[in-house]
Amino acid sequence: SSDLSNNFTYDTQHATSTVVVPINNDYYNLSTKQLPVISGTAVDESLGNRVQGVGYSIKENATGMYWNVATSTFSSGSALFNALSFSNPNVWSSTHPTLQDGYVYAVRTVATDLAGNVEPLRTARLFTFDVSSPTARITRPTINSQVSSLPTISGTVSDNTGLPGVQTVELAVQVDTGTWYSSGSGTFDAGEALAPKTVSGNGSATFTFTPSLGLYRSQNGFVTARFRVVSGTTPTLLPTGFASSGE
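Residues numbered from 1 in each chain as written. Predicted model: local features only at pLDDT ≥ 70, side-chain atom pairs only at ≥ 80, totals over all residues. Heavy atoms only, no water.

### Let's talk about the packing of aromatic side chains
In this description, an aromatic ring pair is defined by two values, namely the gap between the centres and the angle between the planes. Using the following cut-off: Ring geometry is summarised as follows: Phe, Tyr and Trp rings, the Trp one being its six-membered ring, pair when their centres sit within 6.5 Å, and such pairs are stacked at plane angles under 30 degrees, edge-to-face over 60 and tilted between the two. Labels follow the DSSP assignment, with helices taken as runs of H or I lasting at least four residues and strands as runs of E lasting at least two, numbered in each case from the N terminus. The cut-offs for exposure are 20% and 50% of the maximum accessible area for each residue type, with area from a 1.4 Å probe on protein chains only; residues under the lower value are buried, those over the upper are exposed, and the others partly exposed. As a reminder, the over-ring test applies to NZ of lysine and CZ of arginine, requiring each to be within 6 Å of the ring centre and within 35 degrees of the ring normal.
The full count for this structure, using the stated rule, is six aromatic pairs. Look at Y28 and F127: their rings are 5.9 Å apart centre to centre, the planes differ by 85 degrees, and that puts the pair in the edge-to-face class. Highlighted residues: Y28 in strand β2 (residues 26-28) and F127 in strand β11 (residues 125-129), separated in sequence by 99 residues. F127 carries the same exposure label as Y28, and that label is buried. With centroids separated by 5.0 Å and ring planes inclined at 55 degrees, the aromatic side chains of F86 and W92 adopt a geometry described as tilted. W92 gets classed as buried once you look at its relative accessible area, which sits at 6%. Members of the aromatic cluster, joined through ring pairs, are Y28, W67, F74, Y103, Y105 and F127. Above the face of the Y28 ring, K33 is positioned so that its terminal group lies 5.6 Å from the ring centre.

Here is the structure:
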């Protein structure tokens, strides 16, 4: 006779998964910062090959609805976990459903190990999908105004995702002869729009810029100013908000 034996592993600890992409509280679009997949890692007691599977859920925060693969819509009132694909040594990934502009999404992953232990729910990773450019408007000086001094340039800025979606506001100043102000030389000798100063930080609805140029003047007494707005996603040079100053 011969001896027979069966080996088995006794495991009462759950696996641990981590969402890597998207980055928490980050912004994504279709061009400069794409989000082709949702991905993460998972291990069971430091080993990737002891994880049986990983699923992810994605929720529209605005509606509170979760993605339902069966209906291809965000229509589930409770979390539904969709299977991720494995690649060595411990990476799990999947494409994601079509996202809506301006929406905040919440992503969670749940891992199951070979013994069937299911990972408890963890805090969701949040991200914003934003394909719309922000807007800025010059309020001082007013369009085509004639002024003898210009102590400040001010305006407003907005974004469809709210003020946290605005990363920076930059000012570029152009003289009527066509050249742009260069902060390096302190004169209007630049052939392209340069931003001499960031005039607003994240989350500001209004901005004020105190010029270091004194009164902007050309040989004809007029200059034009326009703003370039850079959102958390797409830089855009706006043709709006032109203003003139002079005596």
